[in-house]
Amino acid sequence: MRDTSEFWPWFVLSKPIPYPYGMKSVEDLRIQRLLAEYDSHEIDLAYLALYQGAEERHCAFASIHQRLDVELQWMNTKARNGQSGHFNADNSRSLLNLIDEVAELTRVFAKSGVSVTISSEYDRVLTESKAWLVDSGGSPIPEGFTPIVVEKYEQIFSLDDVSVKIKTEMNSELKLVGQGAFANVHSFVDPNYGIRVARKKLRKGADEREIQRFRQEFDLLKELSFPYILQAYKFSEDDNSYTMEFCDQTLGDYIGMNNNTIKFHARKRIALQFLYGLNYLHSKGHVHRDLSYNNVLVRVYDAGAVIIKLSDFGLVKKHESEFTMTETQLKGTIRDPAVENFQEFGKVNDIYAVGYVLSFIFKGQKRVISEPRAIGEIVQKCAHSDPSHRYQDVLSIIQDIENIEFEPEGETA
Ligand SMILES: Nc1ncnc2c1ncn2[C@@H]1O[C@H](COP(=O)(O)OP(=O)(O)OP(=O)(O)O)[C@@H](O)[C@H]1O
């Protein structure tokens with residue numbers, strides 16, 4: 001091996017550098033093609049050594065770096081110590097081409113999610129020299145432009161990721177976790193992260209309107225961002241399904257299974273989380289229209305900690321919803337007798353169902369409890385047959401629940 005501390009003359013390497021990855025995407029092929037152009041370049045071993053860690057890309061970076069140094073070193077001799085000078089025609093053209101090469105390399109790498117950074121001194125020189133370089137008859141080096149610090153011993157290019165590639169070709173086993181009127185819900189482990197996610201898929205044979213409603217359900221969930229509202233991830237047009245965060249149980253199952261052991265303060269926290277979620281939904285101008293024990297989901301953590309997630313937004317009425325124009329038929333699990341026309345459903349009608357859900361959370365009862373204590377009064381006010389006697393907004397219920405200090409366990413399921 002030759003002494004690499006010596007700058008000239010070059011040592012020529014012949015090097016078909018292998019491309020080690022199973023590159024597939026258009027972006028990868030583009031990079032591959034661009035890098036292949038550098039395989040035939042004559043590159044000094046000293047420059048190649050600088051970029052050895054950069055896999056198959058090292059020829060491209062080493063070649064550009066080396067040729068830049070030739071031009072910049074020459075520029076230093078043509079305009080010594082900051083004097084103005086004349087940069088020869090060939091060198092001007094060569095430097096202009098190098099500037100284009102750097103720009104092209106940067107663009108192609110960026111498309112593949114990799115950002116190419118050039119050292120600040122080289123960046124300065126290339127950026128500023130574009131202002132005075134001309135491609136015929138030589139260029140005037142302006143006064144004060146030199147001396148340029150020519151870097152022969154350190155990389156001037158570095159790479160950083162600007163995005164990640166997500167593997168999509170792995171299969172994961174589906175487990176059925178729930179069935180609704182329109183859709184089946186499965187869970188699976190996302191192989192990229194090892195995290196269980198849920199997938200809701202519209203049943204086969206759904207008509208255009210149902211598909212549109214399903215899409216609207218996803219769009220709405222996606223638009224909402226709140227700890228007590230189920231988070232949606234991605235819609236697949238191919239099979240009308242979408243992924244979302246996975247919850248361990250419905251509120252119905254959770255309370256049903258643990259009713260004898262859940263303490264009052266844990267019930268109060270669950271109730272408040274449910275109400276915070278609903279209050280957020282209302283604050284966005286939407287009404288849920290299908291609040292029930294099965295449309296409130298529970299994420300269960302260690303030591304009995306739980307987080308409530310409001311779900312099933314299939315019947316949500318958005319402020320500006322087109323669907324409500326023709327929708328008059330009554331739907332939903334817990335039906336407010338005061339609603340005659342589903343189209344006119346408002347916040348106060350959601351509050352009717354809140355009475356039932358709160359009864360269930362505090363007492364495990366799927367009816368409005370009648371006992372006169374604080375919880376009883378709150379749920380009866382929510383589910384009052386006359387909407388004008390109900391709470392008119394969720395915040396007022398939150399306030400009353402927050403004020404209950406302790407209520408001994410009464411009726412249980
Ligand atoms: N993210 C989730 N994680 C775990 N289970 C879920 C999830 N989403 C839904 N489920 C389960 O699937 C069931 C049906 O889901 P969902 O209520 O969203 O479907 P639907 O067809 O819209 O139902 P509905 O008949 O109430 O309109 C739920 O009751 C619940 O048991």
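Quick note: structure is the one above.
Residues numbered from 1 in each chain as written. Predicted model: local features only at pLDDT ≥ 70, side-chain atom pairs only at ≥ 80, totals over all residues. Heavy atoms only, no water.

1. What about the pattern of salt bridges?
Our working definition: Here, a salt bridge means any side-chain nitrogen of Lys or Arg that lies within 4 Å of a carboxyl oxygen of Asp or Glu. To qualify as a helix, a DSSP run of H or I must reach at least 4 residues; to qualify as a strand, a run of E must reach at least 2; elements of each kind are numbered from the N terminus. Residue burial is assigned from relative accessible area. The probe radius is 1.4 Å, only protein chains are included, and a residue is buried under 20% of its type maximum, exposed over 50%, and partly exposed in between.
Taken as a whole, this structure holds 13 salt bridges when the rule is applied. With its nearest N and O atoms 2.7 Å apart, the salt bridge here joins E104 to R107. Here E104 pairs with R107, and both are found in helix α4 (residues 89-111), just 3 residues apart, close to one helical turn. Its salt-bridge partner being E245, residue R299 comes within 2.7 Å of it at the nearest N-O pair. Here E245 lies in strand β9 (residues 241-245) and R299 lies in strand β11 (residues 296-300), a separation of 54 residues in the sequence. Residue class for R299 comes out partly exposed when judged on its relative accessible area of 24%. You can call E245 buried: its relative accessible area is 5%. Beyond isolated ion pairs, a larger network of salt bridges with shared partners links E121, R124 and E128.

2. Some thoughts on the site of the ligand
For clarity, the threshold we go by: Think of it this way: one heavy atom of a residue within 4 Å of a molecule or strand is enough to make that residue near it. Polar contacts here mean pairs of N or O atoms no more than 3.5 Å apart (in protein, one a potential hydrogen donor and the other a potential acceptor; neighbouring residues in sequence count only if both atoms are side-chain atoms). The accessible surface values rely on the Shrake-Rupley method and a 1.4 Å probe; as for residues, cover is taken only from the protein chains in view. When residues are sorted by character, Ala, Val, Leu, Ile, Met, Phe, Trp, Tyr, Cys and Pro go into the nonpolar class, Asp, Glu, Lys and Arg into the charged class, and all the rest, Gly among them, into the polar class.
Every one of the 21 residues lining the ligand counts as a neighbour, but A181, K200, E245, C247 and D312 are closest to it. Between the ligand and F182 there is a distance of 3.3 Å, counted from an oxygen atom to a backbone nitrogen or oxygen. Contacts to the ligand include C247, whose backbone N or O atom sits 3.0 Å from a nitrogen atom. Starting from 620 Å² of accessible surface for the ligand in isolation, the protein chains cover 85%. Elements supplying a minimum of two residues to the shell around the ligand: β5 (175-179), β6 (183-190), β7 (195-202) and β9. When residues of the shell around the ligand are assigned to their parent elements, the largest contribution, 3 residues, is made by β5. Looking at the shell around the ligand residue by residue, the classes come out as 11 nonpolar, 6 polar and 4 charged.

3. Topic: the sheet that holds β11
Where we set the bar: By the convention used here, strands pair only if DSSP detects at least 2 bridges between them. Here a residue-residue contact requires only that any non-hydrogen atoms of the pair lie within 4.5 Å. Between N-to-C directions, angles cover 0 to 180 degrees, with each direction set by a line fitted to C-alpha atoms, over the stretch in contact for helices.
Strand order in the open sheet made by the 3 strands is β10-β11-β12, with antiparallel pairing throughout. Each end of this open sheet is capped by a strand with a single partner; those strands are β10 (249-250) and β12 (306-310). Two elements, β11 and β12, share 5 bridges in a ladder whose sense is antiparallel. In the sheet register, V298 faces β12, and the bridge partner there is I308. This element, helix α8 (residues 264-283), spans β11 and β12 of the sheet and lies at about 30° to β12.

4. Thoughts on the environment of L50
Structurally, L50 is set in helix α2 (residues 45-50). With 104 residues separating them along the chain, L50 and E154 place their C-alpha atoms 6.5 Å apart. With sequence-adjacent residues up to four places away left out, L50 is seen in contact with H65, K152, Y153, E154 and Q155.

5. Topic: the packing of aromatic side chains
Two aromatic rings are characterised by how far apart their centres lie and by the angle between their planes. In plain terms, the rule: Classification of ring pairs uses Phe, Tyr and Trp, with its six-membered ring standing for Trp, and accepts pairs whose centres are within 6.5 Å; under 30 degrees between planes counts as stacked, over 60 as edge-to-face, and the remaining range as tilted. Criterion for a charge above a ring: Lys NZ or Arg CZ within 6 Å of the ring centre, and within 35 degrees of the ring normal.
Evaluation of the coordinates by the stated rule reveals 16 aromatic pairs. Residues F264 and F362 carry aromatic rings whose centres are separated by 5.8 Å and whose planes lie at 35° to one another, so their mutual orientation is tilted. Within this pair, whereas F264 is found in helix α8, its partner F362 is found in helix α9 (residues 347-363), the two being separated by 98 residues in sequence. Following the ring pairs from residue to residue traces out a cluster consisting of Y51, F61, F109 and F157. Of note, R124 hangs over the ring of F145, and the distance from its end group to the ring centre comes to 5.3 Å. The residue whose ring lies beneath R215 is F235, and the NZ or CZ to ring-centre distance is 4.3 Å.

By themselves, these figures tell us nothing about what the structure is for.
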